[in-house]
Amino acid sequence: AQSVTQPDIHITVSEGASLELRCNYSYGATPYLFWYVQSPGQGLQLLLKYFSGDTLVQGIKGFEAEFKRSQSSFNLRKPSVHWSDAAEYFCAVGDRSSASKIIFGSGTRLSIRP
Amino acid sequence: SQTIHQWPATLVQPVGSPLSLECTVEGTSNPNLYWYRQAAGRGLQLLFYSVGIGQISSEVPQNLSASRPQDRQFILSSKKLLLSDSGFYLCAWSGRSGEKLFFGSGTQLSVL
């Protein structure tokens, strides 16, 4: 069965600093991988996804993520964070065989220090 | 364009009462449909998903059930609510390839 772990519950970074949010998954093969963001009072928005091909994926709002099969990881990065990036970030894993079962991690809350 | 409707937005129910949350999708056909529950510190927990009418997969044994009586309608139910059923419930849909989830606005359920 697939599962996803986000080891960091809460991270605080200074505005303008770089960011990396960790995500590790467990799955028998190469899964579909996603990052979603939930801003305060708003719904979930897809940042980026990996299905196949280039393991470095570019998303919206300047985010990128790299799929590393050897480490079972799909970490989210941004070179310079903005105050508006403060939100909850969720990594998700999709079942490639059924394309319908999508499991989310417990989330990482990002705070931005002025 | 596709839209997803979920209601009610908030609900306060006594322990032991029944529950029915409804979700409908417009502008697409044969969607995959999902119910998630979001609790603090636990992320989004997949409760049920459906790939077609009458086809329901349950992820977590619990006090809840789901039904899909029509192609674009997904209902979350309970015969008797427990305190532990409190939470924020999100309905979502995706295309057949599962490339992207589109979420409803959610229902905040408080069981007292």
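Refer to the structure printed above.
Presented here is a report on the structure given in the accompanying data block. Keep in mind that this is a model prediction, so the values were computed, not measured. (Residues numbered from 1 in each chain as written. Chains lettered and ligands numbered in written order. Predicted model: local features only at pLDDT ≥ 70, side-chain atom pairs only at ≥ 80, totals over all residues. Heavy atoms only, no water.)

**Quick notes on the nonpolar core**
Right, on to step 1. Of all hydrophobic cores here, the largest spans 47 residues; its most connected members are Trp35, Tyr89 and Phe104 of chain A together with Tyr36 and Phe103 of chain B.
Right, on to step 2. Among all residues touching Tyr89 of chain A, those that are not within four sequence positions of it are Gln6, Leu21, Trp35, Tyr36, Val37, Leu47, Phe63, Leu76, Gly107, Thr108 and Leu110 of chain A.
Right, on to step 3. Cys23, Ala66, Leu81 and Trp93 of chain B belong to the second largest nonpolar core, which has 20 residues in total. (Core = buried A, V, L, I, M, F, W, Y, C linked by side-chain atoms within 4.5 Å. Buried < 20%, exposed > 50% of the residue type's maximum accessible area, 1.4 Å probe, protein only. Contact = heavy atoms within 4.5 Å.)

**Some thoughts on the pairing of strand E3 (residues 19-26) of chain B**
Right, on to step 1. Across five bridges, strand E1 (residues 3-7) of chain B lies against E3 of chain B in antiparallel orientation. Looking at the pairing, His5 of chain B lines up with Thr24 of chain B of E3 of chain B. (Pairing = 2+ DSSP bridges. Helix = DSSP H or I, 4+ residues; strand = E, 2+ residues; numbered from the N terminus.)

**Topic: the sheet that holds E3 of chain B**
All names here are of chain B.
Right, on to step 1. Taken together, the four strands give an open sheet; going across it, the order is E1-E3-E8-E7, and neighbouring strands pair in antiparallel fashion. Each edge of the open sheet carries a strand with a single partner, namely E1 and strand E7 (65-70). On average, each strand axis in the sheet is inclined to that of its neighbour by 20 degrees, with strand direction left out of account. (Axes fitted to C-alpha atoms, helices over the stretch in contact; angles between N-to-C directions.)

**Remarks on the state of the cysteines**
All names here are of chain A.
Right, on to step 1. Tallied over the entire structure, the rule returns two disulfides over all chains.
Right, on to step 2. The side chain of Cys23 participates in a disulfide bridge whose partner is Cys91; the two sulfur atoms lie 1.9 Å from each other. Disulfide Cys23-Cys91: the torsion about the S-S bond is -65 degrees, which places it as left-handed. Note that Cys23 is positioned in the loop between strand E3 (19-21) and strand E4 (24-26) and Cys91 in strand E10 (residues 87-94), a separation of 68 residues in sequence.
Right, on to step 3. Owing to a relative accessible area of 0%, Cys23 belongs among the buried residues under this scheme. (Disulfide = S-S within 2.5 Å.)

**Section: the side chain of Ser73 of chain A**
Right, on to step 1. With respect to the helices and strands, the residue Ser73 of chain A is situated in strand E9 (residues 73-78).
Right, on to step 2. In contact with Ser73 of chain A, not counting residues within four places along its chain, are Cys23, Asn24, Tyr25, Glu66, Phe67 and Lys68 of chain A.

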